[in-house]
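# Examination of the molecular architecture
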Amino acid sequence: MANWVASKYVPLSSGTVPMSDQESPAQPESIDVFAALAIMAEQLAGMAWQRMGLQHDMITGKIERDLPQAKAAIDASAALAAILEPQLDEGDQRMMQNLIRDLRMNYVQQSQGESS
């Protein structure tokens, strides 16, 4: 994924001047939108596994099943993956596609088990 590069310029009352590496104060860097989307996709995928009842809930520690929420998390992860795909290298694209496929296959299995 493309890395965001922070600007080495800081606004001053008299204008904008370049800062040397020695002068730069420790400031948090701005997060790249694509990095934020990747984090959200991963979080939603984790929530999908939990809502399918295949992993313990991170908060309660219990196995709790809520398939409508699982489906929403899977659909949202897939939408974010589609946005991210052009930014990813081939290996990362394949990993993201495999994750979405695995989520969908497990959802189908879990939803069929519920209707039986």
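Residues numbered from 1 in each chain as written. Predicted model: local features only at pLDDT ≥ 70, side-chain atom pairs only at ≥ 80, totals over all residues. Heavy atoms only, no water.

### Considering the packing of helix H1 (residues 33–51) against helix H2 (residues 67–84)
Two numbers describe how H1 lies on H2: the axes approach to 8 Å, and their chain directions differ by 155°. Classified by the angle between their axes, H1 and H2 sit roughly antiparallel to one another. For the pair H1 and H2, the crossing hand works out as left-handed. When H1 is examined against H2, the residues Phe34, Leu37, Ala38, Met40, Ala41, Leu44, Ala45, Ala48 and Arg51 are found in contact with a partner set consisting of Leu67, Gln69, Ala70, Ala73, Ile74, Ala76, Ser77, Leu80, Ile83 and Leu84. Among the residues forming the contact of H1 with H2, the class breakdown is 16 nonpolar, two polar and one charged. (Axes fitted to C-alpha atoms, helices over the stretch in contact; angles between N-to-C directions. Helix = DSSP H or I, 4+ residues; strand = E, 2+ residues; numbered from the N terminus. Parallel < 35°, antiparallel > 145°, perpendicular 65-115°, else oblique. Left-handed = near helix turned anticlockwise from the far one by under 90°. Contact = heavy atoms within 4.5 Å. Nonpolar A, V, L, I, M, F, W, Y, C, P; charged D, E, K, R; others polar.)

### Let's talk about the environment of Asp89
Within the element layout of this structure, Asp89 appears in the loop between H2 and helix H3 (90–115). Within the local environment of Asp89, its side chain forms a polar contact with the backbone nitrogen of Gly91, the two atoms lying 3.2 Å apart. (Polar contact = N/O pair within 3.5 Å; in protein donor to acceptor, adjacent residues only side chain to side chain.)

### Things to note about the pattern of salt bridges
Taken as a whole and judged by the stated rule, the model has three salt bridges. In this structure, Asp57 and Arg51 form a salt bridge, with 3.0 Å as the shortest nitrogen-oxygen distance. The two residues Asp57 and Arg51 agree in class, both being buried. A salt bridge links Asp102 to Arg101, with the nearest nitrogen and oxygen atoms 2.9 Å apart. (Salt bridge = Lys/Arg side-chain N within 4 Å of Asp/Glu carboxyl O. Buried < 20%, exposed > 50% of the residue type's maximum accessible area, 1.4 Å probe, protein only.)

### A word on the environment of Ile83
With respect to the helices and strands, Ile83 occurs in helix H2. Accessibility expressed as a relative area gives 45% for Ile83, which makes it partly exposed. Measuring from C-alpha to C-alpha, the distance between Ile83 and Phe34 comes to 8.5 Å, with 49 residues separating the pair along the chain.

### Describing the nonpolar core
Met52, Ile74, Leu84, Met96, Leu103 and Tyr107 are the most contacted members of the largest nonpolar core, which has 20 residues in total. Taken together, the elements giving at least two residues each to this core come down to H1, H2 and H3. Among the elements that take part in this core, H2 stands out by supplying eight residues, more than any other. Apart from residues lying up to four places away in sequence, Ile74 is in contact with Ala48, Met52, Leu103, Arg104 and Tyr107. (Core = buried A, V, L, I, M, F, W, Y, C linked by side-chain atoms within 4.5 Å.)

### Overview of the side chain of Gln50
For Gln50, the location among the structural elements is in helix H1. Beyond its immediate sequence surroundings of up to four residues, Gln50 is in contact with Gln55, His56, Asp57, Met58 and Glu64.

### Quick word on the side chain of Asp57
Positionally, Asp57 belongs in the loop between H1 and H2. At 3.0 Å, the side chain of Asp57 and the backbone nitrogen of Thr60 are in polar contact. Those residues in contact with Asp57 that lie beyond four places of it in its chain are Gln50, Arg51 and Lys62.

These values are about where atoms sit, not about what they do.
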